[in-house]
Amino acid sequence: MSINEDKWRLFIAVPLPPEIKQKLETWCSEQKARLDFKKWVHTEDYHITVQFLGDTAPGRLDELLAALTRAAKGIIGPLEMEATGIGTFGRPTSPSVLWASVRGDVAGLESLHSRVTSENRALGFVPEERRFSPHITLARKFREGARLDPAALQTQPDFGRWTADRLVIYRTHMHKRPMYEAVGSALLT
């Protein structure tokens, strides 16, 4: 739970199917000795973030679900997605995030992001200023002083393809594993 017990820490994301999560977990397990990150994401927590909402009163969930349903209807429809390749954010020798690349209907995903943030802006949720960069976070916080094995980052694993057919509102439970709980969803139609 967030620091403020009266609030839920929420975000909106595209969930991944179990078979993609399992392939990601297998690759991560094989790389842990070569990539010394402090925190590896739990298998059940893999997702593609669409919008971070932050601390939100639980009573606002119904209006968020209505906005999410509006954003998910119409021209978008299900998205054909692919997880393949890896990369990092942060300094090359000490990255802050290890991620899997998202490919496929990225233009549709960007359009969906735009629709979601527009609907939620009307509810008072301010979108992040940085450019939307869809990815699947695998690990965080490279250990200071550890040696990064560049060969581990040269691999371009193929984690698979899937049809993304929904958006989910997740609640974060800090310091738990898995830490994300689905509290609502909307189908992409």
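Our subject is the structure that appears above.
Residues numbered from 1 in each chain as written. Predicted model: local features only at pLDDT ≥ 70, side-chain atom pairs only at ≥ 80, totals over all residues. Heavy atoms only, no water.

**Quick look at the overall build of the protein**
Then comes step 1: Of the regular secondary structure elements, the protein holds 4 helices and 9 strands.
Then comes step 2: Counting from the amino terminus, helix and strand elements in the protein follow one another as β-α-β-β-α-β-β-α-β-α-β-β-β.
Then comes step 3: Its C-alpha atoms give the protein principal-axis dimensions of roughly 45 × 35 × 30 Å.
Then comes step 4: Across the 189 residues in the protein, those meeting the buried criterion constitute 50%.
Then comes step 5: Within the protein, contacts between residues separated by at least 24 positions form 79% of all contacts whose residues are at least 6 apart in sequence.
Then comes step 6: Approximately 9700 Å² of the protein is accessible, and the part contributed by carbon and sulfur atoms is 51%.
Then comes step 7: Side-chain charges of the protein comprise 26 positive and 23 negative groups, with the mean position of each set lying 3 Å from the other. (Helix = DSSP H or I, 4+ residues; strand = E, 2+ residues; numbered from the N terminus. Buried < 20%, exposed > 50% of the residue type's maximum accessible area, 1.4 Å probe, protein only. Contact = heavy atoms within 4.5 Å. Areas by Shrake-Rupley, 256 points an atom, 1.4 Å probe, with all protein chains shown as cover. Lys, Arg positive; Asp, Glu negative; His and termini not counted. Charge placed at Lys NZ, Arg CZ, Asp CG, Glu CD.)

**Points about the packing of aromatic side chains**
Then comes step 1: Scanning the entire structure with this criterion turns up 7 aromatic pairs.
Then comes step 2: Centroid distance phenylalanine 11 to tyrosine 170: 5.3 Å. Interplanar angle 25 degrees. Geometry classified as stacked. Taken as a pair, phenylalanine 11 in strand S1 (residues 8-15) and tyrosine 170 in strand S8 (residues 166-172) lie far apart in primary sequence, 159 residues in all. Considered together, phenylalanine 11 and tyrosine 170 belong to a single accessibility category, that of buried residues. (Phe/Tyr/Trp six-rings, centres within 6.5 Å; stacked < 30°, edge-to-face > 60°.)

**Points about the nonpolar core**
Then comes step 1: Leu24, Leu35, Leu98, Ile136, Leu138, Leu167 and Ile169 are the most contacted members of the largest nonpolar core, which totals 52 residues.
Then comes step 2: Element by element, the count of residues in this core is highest for helix H2 (residues 61-72), at 7 residues.
Then comes step 3: One finds Phe11, Ala13, Val168 and Tyr180 within the second-largest nonpolar core, a separate group that totals 6 residues. (Core = buried A, V, L, I, M, F, W, Y, C linked by side-chain atoms within 4.5 Å.)

**A look at the packing of H2 against helix H3 (residues 106-121)**
Then comes step 1: Relative orientation of the contacting elements H2 and H3 amounts to 145 degrees, with a least axis distance of 9 Å. Between H2 and H3 lies a crossing whose hand is right-handed. On H3, the residues touching Leu64, Ala67, Leu68, Arg70, Ala71 and Ala72 of H2 are Leu112, Arg115, Val116, Glu119 and Asn120.
Then comes step 2: Split by residue class, the contact of H2 with H3 holds 7 nonpolar, 1 polar and 3 charged. (Axes fitted to C-alpha atoms, helices over the stretch in contact; angles between N-to-C directions. Left-handed = near helix turned anticlockwise from the far one by under 90°. Nonpolar A, V, L, I, M, F, W, Y, C, P; charged D, E, K, R; others polar.)

**Considering H2**
Then comes step 1: Taking 1.5 Å as the rise per residue, H2 with 12 residues should run 16 Å; its terminal C-alpha atoms sit 16 Å apart, in good agreement.
Then comes step 2: Residues of H2 that are buried include every one of Leu61, Leu64, Leu65, Ala67, Leu68, Ala71 and Ala72, and no others. Buried residues in H2, looked at end-on, bunch into an arc of 165 degrees, giving them a common side.
Then comes step 3: One or two residues past the end of H2 sits glycine 74, with phi positive at roughly 105 degrees. (Expected span 1.5 Å × (residues − 1). Arc of directions from axis to C-beta.)

**Describing the pattern of salt bridges**
Where side chains of opposite charge bring their charged atoms close, a pairing between them can arise.
Then comes step 1: All told, the structure shown has 10 salt bridges when counted by the stated rule.
Then comes step 2: Note that glutamate 119 and arginine 70 form a salt bridge whose closest N and O atoms lie 2.8 Å from each other. Separated by 49 residues along the polypeptide, glutamate 119 in helix H3 and arginine 70 in helix H2 bring together distant segments of the chain.
Then comes step 3: Glutamate 144 is paired through a salt bridge with arginine 91; the nearest N and O atoms lie 3.8 Å apart. Residue glutamate 144 is located in the loop between strand S6 (135-142) and helix H4 (150-154), and its partner arginine 91 is located in strand S4 (residues 79-91); the two are separated by 53 residues in the primary sequence. (Salt bridge = Lys/Arg side-chain N within 4 Å of Asp/Glu carboxyl O.)

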